[in-house]
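Remarks on the overall topology
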Amino acid sequence: MALSVGMMSIGGRRPLLTERRREALVFLALVLPNLLLLTVWTYWPFLSSLYLSLTNWNLLRPTRQFIGLANYAAILSSSRFWQVVTNTVLYTAGTLFVRLALSLALAVLLNQSRLVLRALWRLVVFSPHITTSAAMALVWLSVYDPNHGPVEAVFSALGLTFPNVMASTTLALPALIVVGIWKGIGFSTVVFLAALQGVSRELREAAAVDGAGVWRSFWHVSLPAISPVTYFLLVTGVIDSFQTFDLVAVMTGGGPANATELYVFYLYQEAFHYYRVGYASAVAVLFLAVMVGFTWVQTRVARRWVHYGDTP
Amino acid sequence: MSNTRKVSRRTFLGRIAGAAGAGALGAWTPRPARAQGRVNVVWWRSLSGRTGDAYDEVAKRFNESQNRVTVQVEFQGDYGALRDKFAAAVVAGGSALPDLVMLADVIFPAFARNNILEPLDDLAKGSAGVDLKDYFGVLQRGVVGGKLYQFPLGVSTPILYYNQEAVRAAGLNGPPKTWDDLFNVYLPKLTKKEGGKTSMYGFAFLAFVDWWWQQSYMWMNGGGISDDKWNVYFDSPQVLDFLTRFQKAFQAGQAYIPTKAEGSPVAYFGSGKAALMVESTGVIGRLTEVVGNRFTAAVAYLPEGPKGRMVPTGGNGISIVAGRSPEKRQAAWELIRFSQQPQQVVRVSEMTGYLPYTKAAGAAMADLLAKEPNRKVALDQMAWSRPQSSIQTVPRAVDVYFDALQQVLQGGGDPKKLMAQVQKQVQTILVEDGYKK
Amino acid sequence: MKPRRALSWIGLHGTVVLVAVAVGFPFFYMLTTSLKTIAEVYTVPLPWLPERPEWGNYVEAWTRVPFGRFTLNSLIYTGILTLGEFTMGLTCGYAFARLRFPGRDRLFGLMLLTFMIPGVITLVPRFVLLKELGWINTYAGLIVPELSSIFSTFLLREHFRSLPQDVFDAARIDGAGHFRQMLQIALPMSIPIATTLLLLGAVAHWNAYLWPLIVTNTQDMRTLPIGLQALKYKTGEIPQWNVVMAGATMVLLPLIAIFLAAQKKFVEGAVQGALKG
């Protein structure tokens, strides 16, 4: 069908639709929808963000003006902004390091050949990963109930009082960190497990022959061998944690007294509660800058401790 | 970059896309059914429980009393939730907007200033208007920039509710008369502890989003939080004194703000977990529903301070949204006019605890007021009422000082340091949002 | 077994069981609470199991808020978006893998750059764009901006590149055009990865919270994760956790079903992504 049309030639001229040109047309037909969508809904918004951040546009007000870098100046001198940044860094550090340490330990346990029902344990541990954050956040809210929840019941049985964590400016963020760890531990455990299983037997056997004990073998052989995976989990973990929104929105609304206000929630409040889209865009641009900067730093630091080439 | 050119190009593209299938499904949102031949207007309101029912009744009576207009009432949550939904509708524009909206007295000004609400002066003075002289001065509340944007619906003041049995059992004779009484005598005596945990608090805090009743304390001690020229006084001694005193009460386990998960202060008080509560007079009508047979709830004036007694007005009102067609605008006005009639004001007052705000309504309610002492107290307290501080109408500022309150009370923060910060932040906000130069 | 080995075997399994219990506890709590009466929810000390399963809570959760409507919205959003995104990945991935085009690889590289743009920075401008289009609170506004795909494109391209050339040559000789080659050759040979992508996509979209929250502003357009929150407030001033938990369970049900049926795929998906990254 298409072939015969293409092969048709008029006089001695080259056919209009050569094989190559047809292929190019098909290529465009297949690629353009996606590219168009990306351009309109991702590329252009990215550029638009930069422009909006230089205006004082408020969607509830009739006019807007170009104000240069005034938004950035306001943000960087706002104590509220720095509190949000601190909260987010604390949350990320708390969730990530604890989670990675725990999941690595757990992966080691699950990697033991003596373990029965490995698939079952892996299933249970992984399950929080696929759940709806917004739904589990409600469950955790009930779990943390200071008068009628299960945690309180256990505390009471032990003769202790369980404080009202959700209303405490010092305990609310740690309470969220616990939920963050719970949600993410499955993913990192499963990934670590796969990585550990991939550490070639030759490497481990060589270490054993060299007289290395279990601990030294782990520290000097397995860990470096899985360092690419650790690096991946670290980088993606930071980017993910920094974008936490659901937990905050459902469990605390940023409170009490901004103690649990994390970056994306802060942006959401400014953009969709106060409708200060100019200001919020500046907040978003700063976020991008931090993420890019962080990734860049990590890439350079990674050269020092990430060993490629050992893991298949 | 010209904004208008962009809009028309995009709306054009939008229409094309809209027509192309995805939009056909996409642009569809269900619309309310239209009553035959009548003009349909949508009214968004707040207030749950019996208080809200009162307004549904006003709308129902309106619909039944004539056949030109049908009002469709939609409950949108509490004042904060309604404010959010209304702002979202303003931003989305078009058919998302209601025709009428009930907004809290301190929330509507920000919208009025941005021409989102319709000025009502000519409608009020017209042939089908209302008698503006009949109002107890509360009409001034609805004026912004010299124009009237809101008619009152619910007018209240904060008042003290107390558990009569608990007070008596603590050996006290009636409610506290001054703030000093409250802090030095009542809170220690009324707070009951069991094994280190408080089982009954002396005082449950009205957990609204701003410093409504707290303004009283400042005023009664000779201070305040702001004035008409947008000067703010958050670092003044009266504010610091207020915060320090309340912080002590919270830390001693004598006072409490129930969390969202625990339910509102009304429910908290009603279940006997607190002996005293400051809340709006607007919940008087819900007392029996919430308290039941557990105890006798009574009402008293807010405690007095050294400079006398002063309470802020509060509540809500009704406005017409700007940009309605002339037909809808007129129809919406008819509901407002109906709601201001004495019978309606009285009926709402009966069902809630909101106060009659016109002389005609006040006269019609004289009997009821004589019969129910709680309501009489509420009405009498109006003699000491004054309008709220200007800063209460700036939402970003309110969030700042309300958060600070939480930090002081629940986080044990240093009032002096926090208020210095708040003072600076609020002043920045006033400049950023164009209130002050 | 020597006593030392027996002890360490017990230690190992004991620890793992403990961890599994800790991780699984919120699910257990959610399920048991969803079947309690409101009195049991507020009884102190807390009963671990309900006396009798109170299935009425599920009916209550369904009717107290427009649960059916939320479910419909979630199904439409998840369904169209998952299929749409996959289709984009399929067509784009195939084109970049097996078709020639001048500057193709550079174009692909440019596309990959968008991977670096975090969704956060597109939120506000997208909203403004939706506002200008009049698409706020509509299905179009919910779905279209999210329809583009980079992750699926990337993975499918890699996969298609690895397919043996001779199968395609044979098909071409038989007269199959590119579309047919894509649909009848490439796709059937990609069932495993396609399934993984579809599953991961479906789960991610079912669970989406921030984006639908921004785009929708009336209850009749909201999806389940958002609608579920309404249940907490609608149950009165003192939250009825039993009803809320029933609602949460219903939201998780489809996920649990897919997860149990295809757990290997999820784990594989996670691992693939990590090891390739």
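What counts, and at which threshold
- Residues numbered from 1 in each chain as written.
- Chains lettered and ligands numbered in written order.
- Predicted model: local features only at pLDDT ≥ 70, side-chain atom pairs only at ≥ 80, totals over all residues.
- Heavy atoms only, no water.
- Helix = DSSP H or I, 4+ residues; strand = E, 2+ residues; numbered from the N terminus.
- Buried < 20%, exposed > 50% of the residue type's maximum accessible area, 1.4 Å probe, protein only.
- Contact = heavy atoms within 4.5 Å.
- Areas by Shrake-Rupley, 256 points an atom, 1.4 Å probe, with all protein chains shown as cover.
- Domains from an automatic or database assignment.
- Buried area = accessible area lost by both parts, 1.4 Å probe.
- Polar contact = N/O pair within 3.5 Å; in protein donor to acceptor, adjacent residues only side chain to side chain.
- Axes fitted to C-alpha atoms, helices over the stretch in contact; angles between N-to-C directions.
- Parallel < 35°, antiparallel > 145°, perpendicular 65-115°, else oblique.
- Left-handed = near helix turned anticlockwise from the far one by under 90°.
- Nonpolar A, V, L, I, M, F, W, Y, C, P; charged D, E, K, R; others polar.
- Phe/Tyr/Trp six-rings, centres within 6.5 Å; stacked < 30°, edge-to-face > 60°.
- Lys NZ or Arg CZ within 6 Å of the ring centre and 35° of its normal.
- Core = buried A, V, L, I, M, F, W, Y, C linked by side-chain atoms within 4.5 Å.
- Patch = residues over 30% accessible without salt bridge, like charges linked within 9 Å, V, L, I, M, F, W, Y side chains within 5 Å.
- Salt bridge = Lys/Arg side-chain N within 4 Å of Asp/Glu carboxyl O.
- Pairing = 2+ DSSP bridges.

Further remarks concern the overall build of chain B. What chain B contains, in helices and strands, is 19 helices and 15 strands. Here chain B, with 437 residues, has 58% of them falling under the buried criterion. Put simply, of all contacts in chain B between residues at least 6 apart along the chain, 76% involve residues at least 24 apart. For chain B, the exposed surface amounts to about 18000 Å²; the carbon and sulfur share of it is 53%.

So, on to the domain arrangement of chain A. All names here are of chain A. Domain boundaries assigned for chain A yield domain 1 (19-66) and domain 2 (78-302). A straight line from the C-alpha centre of domain 1 to that of domain 2 covers 33 Å. In this assembly, 10 residues from domain 1 lie in contact with 10 residues from domain 2. Both faces considered, domain 1 and domain 2 share a buried interface measuring about 780 Å² in area, 71% of it formed by carbon and sulfur atoms. Counting the surface domain 1 buries against domain 2, the share from its top three residues, Ser53, Trp57 and Leu59, is 42%. Summed over the shared surface of domain 1 and domain 2, the result is 3 residue pairs in polar contact (both at pLDDT 80 or more).

Next up on the list: the packing of helix α5 (residues 104-113) of chain C against helix α8 (residues 151-161) of chain C. All names here are of chain C. It is at 10 Å that the axes of α5 and α8 come closest, and there the two elements cross at 140 degrees. Between α5 and α8, the interaxial angle falls into the category oblique. Handedness of the crossing formed by α5 with α8: left-handed. Only Thr153, Phe154 and Arg157 of α8 make contact with α5, whose side of the interface consists of Asp105, Phe108, Met111 and Leu112. Tallied by class, the residues present in the contact of α5 with α8 amount to 4 nonpolar, 1 polar and 2 charged.

Let's shift gears to the packing of aromatic side chains. Counted according to the given criterion, the structure contains 54 aromatic pairs over all chains. With a centroid separation of 6.5 Å and an interplanar angle of 35 degrees, the aromatic rings of Phe115(C) and Phe151(C) are classed as tilted. Residue Phe115(C) is located in the loop between α5 and α6 (123-133), and its partner Phe151(C) is located in helix α8; the two are separated by 36 residues in the primary sequence. What makes Phe151(C) partly exposed here is its relative accessible area of 38%. Each residue in the set Trp179(B), Phe183(B), Phe203(B), Trp211(B), Trp213(B), Tyr217(B), Phe234(B), Phe242(B), Phe246(B) and Tyr401(B) is aromatic and connected to the rest through ring pairs, giving one cluster. Positioned above the aromatic ring of Trp384(B), the side-chain terminus of Arg309(B) is 5.0 Å from the ring centre.

Among the nonpolar cores identified, the biggest contains 181 residues, and Phe126(A), Tyr144(A), Met251(A), Phe86(B) and Leu117(B) are the most heavily contacted of them. Counting residues per element, this core draws most heavily on helix α14 (residues 241-276) of chain C, at 17 residues. Setting aside anything within four residues of it in sequence, one finds Phe86(B) in contact with Trp44(B), Leu97(B), Pro98(B), Val101(B), Leu103(B), Phe111(B), Ile116(B), Leu117(B) and Val321(B). Counting residues in hydrophobic clusters, the runner-up holds 61 residues, among them Val266(B), Met277(B), Val283(B) and Trp333(B).

What follows covers a nonpolar patch on the surface. On the surface, Val154(A), Leu158(A), Leu160(A), Phe28(C), Trp48(C) and Leu49(C) cluster together into a nonpolar patch covering about 600 Å² of accessible area. Residue position: Trp48(C) is located in the loop between α2 (38-41) and α3 (56-64).

To continue, consider the interface of chain C and chain A. At the junction of the two partners, chain C supplies 95 residues and chain A supplies 86 residues. Together chain C and chain A conceal approximately 8300 Å² of surface at their shared face, both sides included; 80% is due to carbon and sulfur atoms. By the criterion of area lost to chain A, the three top residues of chain C are Arg100(C), Val120(C) and Ile121(C), representing 8% of everything that side buries. In this assembly, chain C and chain A are joined by 1 salt bridge. For Arg100(C), the salt bridge goes to Glu23(A), with nearest N and O atoms at 2.7 Å. When residues of the side of chain C that touches chain A are assigned to their parent elements, the largest contribution, 18 residues, is made by helix α1 (residues 3-34) of chain C.

Structurally, the position occupied by Arg114(A) is in the loop between α4 (79-110) and α5 (118-126). There is a polar contact of 2.8 Å between the side chain of Arg114(A) and the side chain of Ser8(C).

Another aspect to go through is the sheet that holds strand β14 (residues 314-320) of chain B. Residues and elements named next belong to chain B. The mixed open sheet is built from 5 strands, whose spatial order is β2-β1-β3-β14-β6. Either end of the sheet is taken by a strand with one partner, and the two such strands are β2 (69-75) and β6 (151-156). Averaged over neighbouring strand pairs, the angle between their axes works out to 20 degrees when direction is ignored. With 5 bridges joining them, β6 and β14 adopt antiparallel strand pairing. Its bridge partner lying in β14, proline 152 is registered against glycine 317. Along the sheet, helix α4 (residues 79-92) contacts β1 (39-45), β3 (100-104) and β14; its crossing angle with β3, the most-contacted strand, is approximately 135 degrees. The sheet strands contacting helix α13 (residues 326-339) are β1, β2, β3, β6 and β14, and the helix crosses β1 at an angle near 55 degrees.

Another point: the environment of Leu90(C). All names here are of chain C. As for its placement among the helices and strands, leucine 90 is situated in helix α4 (residues 67-98). As for leucine 90 and proline 164, which are separated by 74 residues in sequence, their C-alpha atoms are 17 Å apart. When sequence neighbours within four positions are dropped, the list of residues in contact with leucine 90 reads Leu156, Phe160, Met182, Leu183 and Leu187.

The subject of this paragraph is unusual backbone geometry. Of note, the phi angle at Tyr275(A) is positive, near 60 degrees, even though the residue is not glycine. Since its relative accessible area comes to 4%, Tyr275(A) is described here as buried. At Asn137(C), a residue that is not glycine, the phi angle is positive and equals roughly 65 degrees.

Attention now goes to the pattern of salt bridges. A side chain with one charge can pair with a side chain of the opposite charge if their charged atoms come near. Residues and elements named next belong to chain B. The tally for this structure, following the rule as stated, stands at 26 salt bridges over all chains. With its nearest N and O atoms 3.5 Å apart, the salt bridge here joins glutamate 57 to arginine 61. Here the residue glutamate 57 and the residue arginine 61 both occupy positions in helix α3 (residues 49-65), the gap between them amounting to 4 residues, near one helical turn. Judged by its relative accessible area of 22%, glutamate 57 falls in the partly exposed class. The salt bridge involving aspartate 433 is made with arginine 396; its shortest N-O contact spans 3.0 Å. Within this pair, whereas aspartate 433 is found in the segment after α19 (415-432), its partner arginine 396 is found in helix α18 (residues 395-411), the two being separated by 37 residues in sequence.

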